[in-house]
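Tertiary structure, described
The chain contents come next:
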Amino acid sequence: MITPNPGLQVLQNKINLPKKELLLEIELNGKMKFEHLMNTIYNQLGICHRVLSANVEYVNGYSFGSVQLYINVNSEDFQQLEFYLNKNKLINTTVEYTCRTYF
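From a predicted model like this one, the values you see are computed outputs, not experimental measurements.

About the thresholds
Each chain has its residues counted from 1, following the order in which its sequence is written. This being a predicted model, a pLDDT of at least 70 is required before a residue's local features are given, and a value of 80 or more before pairs of side-chain atoms are given or counted; all residues contribute to the totals for chains, interfaces and linings. Where side-chain values are given, they derive from all heavy atoms of the structure, hydrogens and water being excluded. Salt bridges are defined by distance alone: a side-chain nitrogen of Lys or Arg within 4 Å of a carboxyl oxygen of Asp or Glu. Working definition: helices are DSSP H or I runs of at least four residues, strands are E runs of at least two. Numbering for both runs from the N terminus. Relative accessible area decides the class of each residue, using a 1.4 Å probe on protein chains only: under 20% of the type maximum gives buried, over 50% gives exposed, and in between gives partly exposed. Think of it this way: DSSP has to see at least two bridges between two strands before they count as a pair. Only the contacting stretch of a helix is used when fitting its axis, a line to C-alpha atoms as for every element, and angles between N-to-C directions run 0 to 180 degrees. Only heavy atoms matter for contacts: two residues are in contact if any of them lie within 4.5 Å across the pair.

This part is about the pattern of salt bridges. A side chain of one charge can pair with a side chain of the opposite charge when the charged atoms of the two come close. Applying the stated criterion across every chain, the model contains one salt bridge. E96 is paired through a salt bridge with K20; the nearest N and O atoms lie 4.0 Å apart. In this pair, E96 sits in strand β4 (residues 92-96) while K20 sits in strand β1 (residues 19-29), placing the two residues 76 residues apart along the sequence. By relative accessible area, which is 46% here, E96 ends up partly exposed.

Here is the structure:
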C-alpha cells in the first residue's frame, strides 16, 4: 500500500512563494562552530547560500568572527532561519539585495 508523503505536499506549497535575495551577516560568538552553522543552514533548514566573506578565528575549538552570506529565500524559510539564529544567540543583520539592470 502506498501512503502519501506529507513532506511532498509542503514542498509543493513552497514552490509558489515569492523569494527575496538577501545579504545576511552573522556574528560568531563562540557558541557554535562555523562548520556546524553552515551545515545546519543548508542541510536542516534547506537554504542554499553563498559565503561572500568569512573572518573566522578558532580559539580552543570555538568560532569567533563574522560571516556574510548571500541567500535567496521565501519569507517562511527566512523566519525559520532567523528563529534558529536568535535561539542560538547569534547576532545577525539582514539587508535586501537589489541589483540594477542596465539596458
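Moving on, we get to the sheet that holds strand β3 (residues 62-74). Reading across the sheet, the four strands line up as β2-β3-β1-β4 and stay open at both edges, with antiparallel pairing between neighbours. Every other strand in the sheet has two partners, leaving β2 (49-59) and β4 as the edge strands with one partner each. For this sheet, the mean inter-axis angle between neighbouring strands, taken without regard to orientation, is 15°. The pairing of β2 with β3 spans ten bridges and is antiparallel. Its bridge partner being in β3, H49 is matched across the sheet by I71. Along the sheet, helix α2 (residues 34-44) makes contact with β1, β2 and β3, crossing β2 at roughly 155°. Together, β1, β3 and β4 form the strand contacts of helix α3 (residues 75-87), whose direction differs from that of β3 by roughly 165°.

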